[in-house]
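# Summary of structural features
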Amino acid sequence: MKNMLKLGFALAAFASVACVLLALVNNFTAPVIAQAKAEEVNAALSVVFPEGDSFEKVADFTTDSSSSIKIEDLYIAKKGNNVLGAVIQATGPTYDKATILLGMNMNRQITGIQFLSISDTPGFGQKATEPEFYTQFAGKSADDEFNVGSDVDAISGATITSRGVAQIVKYAAYVAGEYLAKNYGAKASNSSAPVVAPVPTVFTYSEAYASLFPKEQYPTAQFLEDSNGIGRIVRSMLVEKQVIVLENGKTVGAMVAVRGQTYKSGGTVLTAVDSTGRIIGARIIELNDSPNLGQKALEESFYVQFAGKNASDNLLLGQGVDAISGATITSACVADMVKVGAVEACALLKLSISENYSLNELYRGE
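A few points on the structure. (Residues numbered from 1 in each chain as written. Predicted model: local features only at pLDDT ≥ 70, side-chain atom pairs only at ≥ 80, totals over all residues. Heavy atoms only, no water.)

### Digging into the packing of aromatic side chains
Considering all chains together, one arrives at 11 aromatic pairs under this definition. Ring centres 5.6 Å apart and planes at 85° place the aromatic pair Phe 133 and Phe 137 in the edge-to-face group. According to the relative accessible area criterion, Phe 133 is buried, its value standing at 4%. Residue Phe 137 is classed as buried on the basis of its relative accessible area of 0%. Where Phe 302 meets Phe 306, the ring centres are 5.8 Å apart and the plane angle is 85°; that geometry is what we call edge-to-face. Of the two residues, Phe 302 and Phe 306, both sit in the buried class. Of the aromatic side chains, those joined through ring pairs into one cluster are Tyr 205, Tyr 209, Phe 213, Tyr 218 and Phe 223. Here the basic side chain of Arg 235 rests over the ring of Tyr 357, its NZ or CZ set 4.6 Å away from the ring centre. Stacked on the ring of Tyr 205, the Lys or Arg Lys 241 has its end atom at 4.6 Å from the ring centre. (Phe/Tyr/Trp six-rings, centres within 6.5 Å; stacked < 30°, edge-to-face > 60°. Buried < 20%, exposed > 50% of the residue type's maximum accessible area, 1.4 Å probe, protein only. Lys NZ or Arg CZ within 6 Å of the ring centre and 35° of its normal.)

Written out as structure tokens, the structure reads:
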């Protein structure tokens, strides 16, 4: 007992010392990291707007947070006391995502762009950081179309990256131009605001329940979670949640959430069936795939196709399931999770569904 107490005190002392050391290291390094980042941004500001000799950050600048392209910072570019334009920092989806700085003068012309980061494929998407690609935006008007293949030259083998960057540039240029026109009398726009896709989002479990069993149809719905068998592996997928749905004390359906492989680090899909084994719908709880490709599985136009099918139906690509263009593996993986979830939900309802069913299993070919 004494030895255990000594060991406990020693461990506590060690943990305390470690926490103090970590705090000291953080206090020392955090300002250094912040300063280095600030210097990097300041250097890039001068690159995208070389005529400016000072840049004032706009403290109260806000934009639409629902947009898939986020405007993170806006700077007013000056020479002496004269406002020459603005520099805007924006992050948006490419093949993965990119953050750029863009300069805009008072005539709504882009003075230059600079990448602060881009996480696209090294052999292809990373070519966006080469001058041959990004210098083409300098001199363009905020009112241009920014269409890849017409007024924007694509990177060979990286069309999706090219389109993503062009859209970030277009949106950032418009926002910067509108701010300058409204606040500093710059040239006003002669076109409407660019349409930017909203951020596709996953469902929480409570949101998914309400969506699959709406109050209008199931005013007294009860969701009873069944923990029996949670954590088991079914066809290389993990069963994360099982729910029996009651309406007025009568079983009207069941839901099962399974976690499986996707194109990247996996995801979770909740599938609901009614008392006959018909799929009511599927809702994605987690998905970490590429923004401009795999994340399209979060759009209703994709996942709505599972509703109305039977749990015994094949959910194979080209045989009842349409894949997302450019995201075949993500589409197949989500379809497989829906299939497994539907079959397992039927098992909860004691419905007889053959366990000898086919899956796409495209991830196995990677």
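### What about the sheet that holds strand E5 (residues 110-118)?
Pairing within the open sheet is antiparallel, and its five strands lie in the order E1-E2-E3-E4-E5. Strands at the two margins of the open sheet, each flanked by one partner only, are strand E1 (54-57) and E5. Averaged over all pairs of adjacent strands, the angle between their axes in this sheet comes to 25°, without regard to strand direction. Across seven bridges, strand E4 (residues 97-105) lies against E5 in antiparallel orientation. When the sheet's bridge partners are listed, Leu 101 is paired in E5 with Gln 114. (Pairing = 2+ DSSP bridges. Helix = DSSP H or I, 4+ residues; strand = E, 2+ residues; numbered from the N terminus. Axes fitted to C-alpha atoms, helices over the stretch in contact; angles between N-to-C directions.)

### Quick word on helix H6 (residues 328-348)
Its 21 residues give H6 an end-to-end C-alpha distance of 30 Å, which sits within 8% of 30 Å, the value for a rise of 1.5 Å per residue. When you tally the buried positions in H6, you get 19 out of 21 residues, the bulk of the element. (Expected span 1.5 Å × (residues − 1).)

### Re the environment of Ser 354
Take Ser 354: it is sitting in the segment after H6. Taking the relative accessible area as the measure of exposure, Ser 354 reaches 48% and is therefore partly exposed. Sequence-wise, Ser 354 and Ala 311 are 43 residues apart; in three dimensions their C-alpha atoms are separated by 9.7 Å. Only 3.1 Å separates the side chain of Ser 354 from the backbone nitrogen of Asn 356, close enough to count as a polar contact. (Polar contact = N/O pair within 3.5 Å; in protein donor to acceptor, adjacent residues only side chain to side chain.)

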